[in-house]
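Remarks on the overall topology
Next come the chains, spelled out residue by residue.
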Amino acid sequence: GFEVAKKSLETSRALLKQTQAQFQVGVVSKVEVTEAEAGVAQREFLLIFAENIYRTAQDGLVDLVFGPSLTPTSSLEIVVADSPEKYEPFEVDPTIATEKALTNRPELLTVERILEQQRMRLQFARNSRLPQLDLIASYTTHGLSGEEDPNRICPESFQGLPCPPLGIPRAYGATHDQFFDGNDNRTWHAGAKLSIPIGNTSARSNVRIGEIELHKAETLVDRQRQSIIAEVRKAVRDLQSAVQGIEAAERRRIAAAEQHRA
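Residues numbered from 1 in each chain as written. Predicted model: local features only at pLDDT ≥ 70, side-chain atom pairs only at ≥ 80, totals over all residues. Heavy atoms only, no water.

Some points on the confidence of the model for the protein
- A residue-level look at the protein finds 77% of positions with pLDDT of 70 or above and a mean pLDDT of 79.
- Within the protein, helix α5 (residues 174-180) has the poorest average pLDDT of any element, 52, and helix α4 (residues 106-127) the best, 90.
- Ignoring residues within four places in sequence, the model shows residues 168-172, a span with pLDDT below 50, making five contacts including any to other chains. (pLDDT = per-residue confidence, 0-100. Helix = DSSP H or I, 4+ residues; strand = E, 2+ residues; numbered from the N terminus. Contact = heavy atoms within 4.5 Å.)

Given below as structure tokens:
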């Protein structure tokens, strides 16, 4: 559009010069000169408008490609790599394009992970309402090193009572023998613990909250899917419109060339 506006302005200026020359020799009236001047002014306005759109589109493209490289004083010019004469139309299947978008779009994968997390949380909340049975078992061994001195003197506070064991005295290696020999140094126990929630309003509330959050996550996934489908449909329509616009522009160019020749 920008190049077309520039070319249109050049043509209107050439027409103005021709009209002014004809006015000098008395072929046309002053009114036709004024109309040609108005045409130049109109095309100057269209050129300014088209250049603004062109620069805005450039900034958007640079922001998508370069990101932080765009500064308030950037002066960039995008050069088109493909010539319009080399354009080759191609068809886009909306169904295939939609399937690819639903498979590869990261925002859809993100909300699907959120949905999976909410399902796990809801299942955990439901399990919290059930009775809980825990099996408990333990097995331990111990050993005392050395041998107690039968002639040792107990403190006065233990008169008439067995003397307390000496713990771990000098002969530390005896602990190794007691650790593997005999049964008096092994202890074990086993049992079960059953917990039955009564009332358990907190667990029921958590289940209700989990169901609501799961419904919200499902709605979020559905909305994201619909948004992607709508974007793909719009992109396909835009592409088809662009193809039709290129074909119509080519026909208009041929007609304008013929008119200019005539």
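Having seen the model, we can carry on.
Here's the deal with the environment of G191
- Within the secondary structure layout, G191 lies in strand β2 (residues 186-195).
- Residue classification places G191 among the partly exposed residues on the basis of a relative accessible area of 35%.
- Sequence separation between G191 and L135 is 56 residues; the distance between their C-alpha atoms is 6.0 Å.
- Each residue touching G191, except ones within four places of it in the same chain, is listed here: D134, L135 and I136. (Buried < 20%, exposed > 50% of the residue type's maximum accessible area, 1.4 Å probe, protein only.)

Here's the deal with the nonpolar core
- Core analysis: the biggest nonpolar cluster contains 13 residues, and L108, L115, V221, I228 and V232 have the highest contact counts within it.
- If you list the elements that add at least two residues to this core, you get α4 and α6 (201-261).
- The dominant element in this core, judged by the number of residues it contributes, is α6, at seven residues.
- The residues touching I228, leaving out its near neighbours within four places in the chain, are A101, L102, R105 and L108.
- Counting eight residues, the second largest nonpolar core, distinct from the first, contains A5, L9, L16 and A36. (Core = buried A, V, L, I, M, F, W, Y, C linked by side-chain atoms within 4.5 Å.)

Quick look at the pattern of salt bridges
- Counting across every chain of the model gives 13 salt bridges.
- Where E211 meets R126, a salt bridge forms, and the shortest distance between an N and an O atom there is 3.6 Å. A residue pair is termed long-range when its members are at least 10 positions apart, and E211 in helix α6 and R126 in helix α4 qualify at 85 residues.
- Among the salt bridges present, the one from R208 reaches E211, with a minimum N-O distance of 3.3 Å. Taken as a pair, R208 and E211 lie in helix α6 at a separation of three residues, close to a single helical turn.
- The class for R208 is exposed, based on a relative accessible area of 52%.
- Taken together, the shared-partner salt bridges in this structure form one network comprising R105, E107 and E231. (Salt bridge = Lys/Arg side-chain N within 4 Å of Asp/Glu carboxyl O.)

Focus: the packing of helix α1 (residues 2-24) against helix α2 (residues 30-65)
- Running from N to C, α1 and α2 point in directions that differ by 165°, and their axes come no closer than 8 Å. On the basis of the axis angle, α1 is roughly antiparallel to α2. Between α1 and α2 lies a crossing whose hand is left-handed.
- Looking at side-chain class alone, the contact of α1 with α2 contains twelve nonpolar, five polar and eight charged residues. (Axes fitted to C-alpha atoms, helices over the stretch in contact; angles between N-to-C directions. Parallel < 35°, antiparallel > 145°, perpendicular 65-115°, else oblique. Left-handed = near helix turned anticlockwise from the far one by under 90°. Nonpolar A, V, L, I, M, F, W, Y, C, P; charged D, E, K, R; others polar.)

Considering the environment of I246
- Here I246 shows up in helix α6.
- Separated by 157 residues in the primary sequence, I246 and P89 have C-alpha atoms spaced 9.6 Å apart.

Some words on the packing of α4 against α6
- Contact geometry of α4 with α6 gives a least axis separation of 8 Å together with a crossing angle of 165°. When the axis of α4 is compared with that of α6, the two are roughly antiparallel. Remark: the crossing between α4 and α6 carries left-handed chirality.
- Residues that form the contact of α4 with α6 fall into these classes: twelve nonpolar, four polar and eight charged.

Quick look at α2
- The end-to-end C-alpha distance of α2, which contains 36 residues, comes to 52 Å, matching closely the 52 Å that a straight helix rising 1.5 Å per residue would cover.
- Regarding α2, the residues found buried are V33, A36, G39, V40, L47, A50, Q58 and V62.
- On its buried face, α2 sits against α1. (Expected span 1.5 Å × (residues − 1).)

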